[in-house]
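Residues per chain are reported as follows:
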Amino acid sequence: MAILEIKDLHVQRDGKEILKGVNLKTGPGEIHAIMGPNGSGKSTLSYTILGHPKYEVTKGDILLDGQSILDLSTDERSKKGLFLAFQYPTEVSGVGYSHFLRTAYNALSKSLADEKREVFLTVREFQNYLKKNLDEVGLKHDFLSRYLNEGFSGGEKKRSEVLQMAVLQPRISILDEPDSGLDIDAVQAVAKAISAVSRKDATVIVITHYARILKFLDKLDYVHVMAQGKMIKEGPKELADELEQKGYAWLGIQDT
Ligand code: ADP
Ligand code: MG
């Protein structure tokens with residue numbers, strides 16, 4: 001049974017059609033990659049799945065466990081276990097990082113009512129859980145006492161998004177270009193966190209322009225190539241390598 005199913009999705013922003021019939025199906029424990037040149041609609045797809053109000057679905061559907069989520073707010077979608085790591089994370093001054101993570105984690109645990117998930121009642125308990133995750137993604141422990149993303153470097157912001165995924169353990173994680181602007185060590189750390197989350201029966205969708213990050217994943221089940229608002233090719237892991245060697249021009253796509 002698919003966890004997430006996207007059917008013939010058409011999406012407009014400011015009256016312009018950006019997605020023109022996207023289909024995608026993901027199951028538990030699977031890792032999917034969506035590749036495509038700039039401007040193909042990758043970020044639009046991720047925002048639409050999470051219910052960004054500026055993106056209007058004009059046709060098609062998004063199903064979670066067989067139920068349409070189009071009428072749900074972003075908040076309700078995330079409580080069902082959907083998570084998006086932003087391509088361009090925002091600084092949120094005044095929101096303590098550690099407090100933010102614990103509140104979000106506990107809200108998700110309560111909402112999913114999954115007996116395998118804990119609810120961390122004390123700050124100390126949660127800090128111990130966090131520290132393990134911080135080490136894994138390579139962020140220093142003193143980040144926890146800072147405000148969410150405030151003053152983080154570009155690379156730290158990206159690691160911070162991945163930390164949120166590793167900590168929250170969402171059912172469906174979508175990572176929008178988690179590799180952009182990162183050095184090779186950071187890319188490896190990000191890939192490790194993605195592999196760890198997918199082992200927990202969750203789905204991970206990695207959006208990327210380059211095949212580099214995909215090589216570090218423990219496994220990769222499907223590669224989807226997007227261009228001009230549509231999926232134009234699908235295949236196994238090897239498709240990513242082929243695309244890297246031959247370039248997007250191989251599929252008749254312009255990469256700007
Ligand atoms: P990607 O993430 O693959 O680079 P995007 O989803 O960001 O692609 O953008 C897809 C297309 O939507 C691009 O052609 C872009 O110019 C267009 N687009 C993005 N924002 C707007 C907007 N506010 N109004 C009209 N078109 C937009
Ligand atoms: Mg994008």
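Going along each chain's sequence as written, the residues are numbered from 1 onward. Labels are handed out in written order, letters beginning with A for the chains and numbers beginning with 1 for the ligands. Selection of residues for local features in this predicted model requires a pLDDT of at least 70, selection of side-chain atom pairs for listing and counting requires 80 or more, and totals for whole chains, interfaces and linings are taken over all residues. Heavy atoms from the whole structure form the basis of all side-chain values; hydrogens and water molecules are not counted.

Draft legend 1. Structural view of the pairing of strand β9 (residues 172-176). The element β9 is extensively covered by neighbouring structure, given that five of its five residues are classed as buried. Strands are treated as partners if at least two bridges between them are detected by DSSP. Numbering of helices and strands runs from the N terminus, with a helix taken as a DSSP run of H or I at least four residues long and a strand as a DSSP run of E at least two residues long. When strand β6 (residues 82-85) meets β9, the two strands line up parallel, connected through four bridges. Pairing of F83 across the sheet is with S173, part of β9. With five bridges connecting them, β9 and strand β10 (residues 203-208) associate as parallel partners. When the bridges of β10 are listed, S173 appears paired with V204. You can see the chain leave β9, run along helix α6 (residues 184-198) and come back into β10, and the turn it takes is right-handed. Three labels apply to residues, based on accessible area from a 1.4 Å probe with only protein chains included: buried if under 20% of the type maximum, exposed if over 50%, partly exposed otherwise in between. By convention, a crossover is right-handed whenever its connection, traced from the first strand over the helix to the second and viewed with the strands pointing away, goes clockwise.

Draft legend 2. Quick look at the sheet that holds strand β5 (residues 67-68). A sheet is described by the order of its strands in space; here four strands give the open sequence β2-β1-β4-β5, paired in antiparallel fashion. Each edge of the open sheet carries a strand with a single partner, namely β2 (16-26) and β5. Where strand β1 (residues 4-13) and β2 come together, eight bridges link them in antiparallel fashion. Opposite L4, over in β2, you have T26 as the bridge partner. Contacts are residue-level and defined by heavy atoms, with any inter-residue pair within 4.5 Å sufficient. Note on method: axes are straight lines fitted to C-alpha atoms, helices fitted across the in-contact stretch only, with angles between N-to-C directions ranging 0 to 180 degrees. Sheet strands in contact with helix α1 (residues 42-50) are β1, β2 and β4 (55-64), and its direction is about 110° off that of β1.

Draft legend 3. Region of the structure containing the packing of aromatic side chains. Whether two aromatic rings pair depends on their centres lying within 6.5 Å, for rings of Phe, Tyr and Trp, where Trp uses its six-membered ring; planes under 30 degrees apart make the pair stacked, over 60 edge-to-face, and the rest tilted. Summed over the entire model, instances satisfying the criterion amount to seven aromatic pairs. On the numbers, 6.5 Å between centres and 40° between planes, the contact of Y47 with F86 is tilted. Residue Y47 is located in helix α1, and its partner F86 is located in the loop between β6 and β7 (92-96); the two are separated by 39 residues in the primary sequence. Using a relative accessible area of 23% as the deciding quantity, one classes Y47 as partly exposed. The exposure class assigned to F86 is partly exposed, which follows from its relative accessible area of 35%.

Draft legend 4. The UniProt feature "domain: ABC transporter" (unreviewed entry) in the protein, seen in detail. Within this numbering scheme, the UniProt entry marks residues 4-253 as carrying the feature "domain: ABC transporter" (unreviewed entry). Split by type, residues 4-253 is 34% helix and 29% strand. Its first and last C-alpha atoms lie 27 Å apart. UniProt positions are given in the numbering used here, feature names are shortened, and annotations may be inferred rather than shown by experiment.

Draft legend 5. Representation of the coordination of the magnesium ion (ligand 2). The protein atoms donating to the magnesium ion (ligand 2) are S43 (OG) and Q87 (OE1), with metal-donor distances spanning 2.1 to 2.4 Å. Taken together, the residues S43 in helix α1 and Q87 in the loop between β6 and β7 connect sequence positions 44 residues apart. Looking at Q87, the relative accessible area reads 14%, which means it is buried. Water is not among the atoms examined, so metal sites may look incomplete; donors are the N, O and S atoms within 2.8 Å of the metal, or within 3.2 Å for Na, K and Ca.

Draft legend 6. Summary view of the site of ligand 1. Inspection of the region around ligand 1 gives R13, D14, K16, I18, P37, N38, G39, S40, G41, K42, S43 and T44 as its neighbouring residues. Any pair of nitrogen or oxygen atoms within 3.5 Å is treated as a polar contact; in protein, a donor-acceptor pairing is required on top of that, and neighbouring residues in sequence qualify only through side-chain atoms on both sides. Between T44 and ligand 1, the recorded distance is 2.5 Å, taken from a side-chain N or O atom to an oxygen atom. Computed with the Shrake-Rupley method and a 1.4 Å probe, the accessible areas treat only the protein chains shown as cover for residues. Burial of ligand 1 by the protein amounts to 67% of the accessible area it has alone, namely 570 Å². Broken down by secondary-structure element, the contributors of at least two residues to the shell around ligand 1 are β2 and α1. Ranked by the residues each element gives to the shell around ligand 1, the list is headed by α1, at three residues. Of the residues contributing to the shell around ligand 1, the split by class is two nonpolar, six polar and four charged. The cutoff for a nearby residue is simple: one of its non-hydrogen atoms must lie within 4 Å of the molecule or strand. When residues are grouped by polarity, Ala, Val, Leu, Ile, Met, Phe, Trp, Tyr, Cys and Pro land in nonpolar, Asp, Glu, Lys and Arg in charged, and all others, Gly among them, in polar.

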